[in-house]
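Spelled out from the first residue to the last, the chains are:
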Amino acid sequence: MKSVTVALGSRSYEVEIGAGTLAGAGERLRPVARGRPLAIVADENVAGHLATLTASLDAAGIAHASLSVPAGEASKSWAGVARVCDWLLARGVERGDHVVALGGGVIGDLVGFAAAILKRGTRFVQVPTTLLAQVDSSVGGKTGINTAAGKNLVGAFHQPSLVLIDPAVLQTLPARELAAGYAEVVKYGLIDDAGFFDWCAANGAALLAGDERLRTEAIAHSVAAKARIVAADEHETGGIRALLNLGHTFGHALEAEAGFDGSLIHGEAVAAGIALAFRFSVGSGLCPADDAARVAAHFRDVGLPDGLAAAGITASGARLVEHMRHDKKMEGGTLPFLLAHGIGRTFLDRTVDLGAVEAFLDGEPR
Ligand SMILES: NC(=O)c1ccc[n+]([C@@H]2O[C@H](COP(=O)([O-])OP(=O)(O)OC[C@H]3O[C@@H](n4cnc5c(N)ncnc54)[C@H](O)[C@@H]3O)[C@@H](O)[C@H]2O)c1
Ligand SMILES: [Zn+2]
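It should be emphasised that the depicted structure is a prediction, and the values quoted were computed from it without experimental measurement.

Another point: the coordination of the zinc ion (ligand 2). Ligation of the zinc ion (ligand 2) by protein atoms is provided by Glu184 (OE), His248 (NE2) and His266 (NE2), these donors lying 2.1 Å from the ion. The sequence pattern describing where the donors of the zinc ion (ligand 2) fall on their chain is E-x63-H-x17-H. On the criterion of sequence distance, the pair formed by His248 in helix H9 (residues 248-258) and His266 in helix H10 (residues 266-283) is long-range, its members being 18 residues apart. The class of His248 is buried, set by a relative accessible area of 8%. By relative accessible area, which is 22% here, His266 ends up partly exposed.

Shown next as structure tokens:
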């Protein structure tokens with residue numbers, strides 16, 4: 001069992017990582033529940049893991065009730081948050097009670113937001129079941145929902161009081177979702193940890209093939225990286241937390257172009273976006289070409305897209321830049337880009353010319 005502390009003063013919490021975390025959750029949650037029943041909100045696709053969790057709660061003598069939420073981004077909505085809040089209120093949830101979020105980033109963001117607004121702030125526990133949620137969304141306290149105007153435009157910073165990560169739950173996760181989550185693992189190496197990128201290049205394929213020891217190691221390393229960044233810049237005001245957006249400005253444009261129909265999922269778009277950010281950095285004379293080539297080669301090795309062609313995007317540079325203009329990070333006509341001086345040397349550049357981005361994208365193979 002590994003444990004990582006997210007150090008945020010009075011809002012600090014532990015992230016516990018290891019096989020058996022789910023089956024042993026009852027003991028760990030006893031002091032959290034404080035003799036009160038636990039409300040669990042679970043993705044409909046993790047019923048088997050919900051059964052493991054509730055058996056553990058039964059064994060620990062903790063009463064519980066659960067709400068099943070339909071899988072998919074559509075649940076992260078006004079209707080979804082109303083349903084969760086109404087269910088919790090009907091159950092008589094009190095301010096000091098804990099709600100457990102069991103599922104991927106959709107459930108974590110939805111339940112975290114419901115907890116943030118319910119009775120002006122109830123507590124919650126994250127039990128993430130996708131690799132993306134385990135290495136990224138369950139840690140750091142960003143919660144929210146999607147609206148007609150776009151993704152994640154309504155939300156709150158609300159930190160969980162505990163995160164329980166069991167790598168064994170990934171055994172039921174579809175391979176494509178697993179690989180997509182792995183793109184965010186690689187991202188931590190590329191941001192500021194070249195040694196971890198080397199580790200990924202050496203172990204990524206075996207990790208994805210099912211090696212649980214390697215999965216645990218990658219999750220623990222990623223969580224520690226995210227915890228460090230969040231502790232330094234909880235509300236993304238200091239320019240440090242923004243580093244986590246590496247590949248995301250390009251990636252979001254590809255996602256928007258693909259149309260959120262499942263043809264290009266988030267982590268796949270991020271992998272392609274990271275490869276593009278590195279090649280754009282090379283073209284701007286900032287980064288050695290060899291580093292960009294190594295990044296792209298690793299994504300190809302593990303079956304992730306390494307650019308527009310592999311992501312199935314044929315749109316023009318102008319069209320992709322038009323998507324970027326609608327990015328919620330757009331401020332006063334400029335868009336902050338994460339560029340790289342090399343592997344492990346990512347930096348924020350607020351002066352990138354969108355015309356140069358358009359020309360670069362037009363030069364990328366389709
Ligand atoms: N809060 C943050 O900091 C943050 C960071 C990154 C992403 N996000 C958000 O996270 C969401 C994406 O999260 P995600 O990639 O986990 O997607 P997701 O929650 O939609 O899960 C992906 C799919 O896997 C299924 N699933 C989940 N766990 C499973 C398991 N163990 N076995 C089998 N199937 C399983 C789900 O039903 C779903 O179909 C997006 O809404 C994104 O905005 C939030
Ligand atoms: Zn992401």
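This brings us to the site of ligand 1. Lining the immediate surroundings of ligand 1 are 25 residues, of which Glu73, Gly105, Thr129, Thr130 and Thr172 lie closest. Contacts to ligand 1 include Glu73, whose side-chain N or O atom sits 2.8 Å from an oxygen atom. Asp109 is positioned with one of its side-chain polar atoms (N or O) 2.9 Å from a nitrogen atom of ligand 1. A total of 860 Å² of accessible area belongs to ligand 1 in isolation, and the protein chains cover 87% of it. Going through the elements one at a time, helix H4 (105-117), helix H5 (131-137) and strand S8 (150-157) are the ones with two or more residues in the shell around ligand 1. Across the shell around ligand 1, the residue classes break down as seven nonpolar, nine polar and nine charged.

Another aspect to go through is the pairing of strand S11 (residues 346-349). Moving residue by residue along a regular strand, the side chains alternate between the two faces of the sheet. Examined bridge by bridge, strand S10 (residues 337-340) and S11 share four bridges and lie antiparallel to one another. Of the residues in S11, the one forming a bridge with Leu338 is Leu348. In textbook terms, the turn of a hairpin is the stretch between consecutive antiparallel strands, and for S10 and S11 this stretch comprises five residues, one of which, Gly344, has a positive phi near 80 degrees.

Reading across the sheet, the seven strands line up as S1-S2-S9-S6-S5-S3-S4 and stay open at both edges, with mixed pairing between neighbours. What marks the edges here is a single partner per strand, and that holds for strand S1 (2-6) and strand S4 (64-69). The average undirected angle you get between the axes of adjacent strands in this sheet is 20 degrees. Sitting on the sheet, helix H2 (residues 47-59) touches strand S3 (38-43), S4 and strand S5 (98-103), and the angle it makes with S3 is about 165 degrees. Running over the sheet, helix H3 (residues 78-90) touches S3, S4 and S5 and is turned about 165 degrees from S4.

Residue position: Ser138 is located in the loop between H5 and strand S7 (142-147). A polar side-chain atom of Ser138 sits 2.8 Å from the main-chain carbonyl oxygen of Ala133. If near-sequence neighbours (up to four positions away) are discounted, Ser138 is found in contact with Gln126, Pro128, Ala133, Pro160, Val163 and Ile165.

Moving on to helix H13 (residues 317-325). Buried within H13 are the following residues: Gly317, Leu320, Val321 and Met324. Projection of H13 onto a plane perpendicular to its axis shows the buried side chains occupying an angular sector of 100 degrees, all on one side. Of the surrounding elements, those touching the buried residues of H13 are H9, helix H12 (308-311), S10 and helix H14 (354-363).

We now examine H4. The end-to-end C-alpha separation of H4 is 18 Å, in line with the 18 Å expected for 13 residues at 1.5 Å each. Burial of H4 is extensive: 12 of the 13 residues sit out of reach of the surface. Within H4 the residues assigned to the buried category are Gly105, Val106, Ile107, Gly108, Asp109, Leu110, Val111, Gly112, Phe113, Ala114, Ala115 and Ala116. Remark: Lys119 follows H4 within two positions and exhibits a positive phi of approximately 55 degrees.

Turning our eyes to something else, we now look at the pattern of salt bridges. A full pass over the atoms with the stated rule returns 22 salt bridges. With a shortest N-O distance of 2.9 Å, Arg279 and Glu364 are connected by a salt bridge. Here Glu364 lies in the segment after H14 and Arg279 lies in helix H10, a separation of 85 residues in the sequence. On the basis of relative accessibility, which here comes to 25%, the residue Arg279 falls in the partly exposed class.

Procedures and definitions
- Residues numbered from 1 in each chain as written.
- Chains lettered and ligands numbered in written order.
- Predicted model: local features only at pLDDT ≥ 70, side-chain atom pairs only at ≥ 80, totals over all residues.
- Heavy atoms only, no water.
- Donors = N, O, S within 2.8 Å, 3.2 Å for Na, K, Ca; no water.
- Helix = DSSP H or I, 4+ residues; strand = E, 2+ residues; numbered from the N terminus.
- Buried < 20%, exposed > 50% of the residue type's maximum accessible area, 1.4 Å probe, protein only.
- Near = heavy atom within 4 Å.
- Polar contact = N/O pair within 3.5 Å; in protein donor to acceptor, adjacent residues only side chain to side chain.
- Areas by Shrake-Rupley, 256 points an atom, 1.4 Å probe, with all protein chains shown as cover.
- Nonpolar A, V, L, I, M, F, W, Y, C, P; charged D, E, K, R; others polar.
- Pairing = 2+ DSSP bridges.
- Axes fitted to C-alpha atoms, helices over the stretch in contact; angles between N-to-C directions.
- Contact = heavy atoms within 4.5 Å.
- Arc of directions from axis to C-beta.
- Expected span 1.5 Å × (residues − 1).
- Salt bridge = Lys/Arg side-chain N within 4 Å of Asp/Glu carboxyl O.

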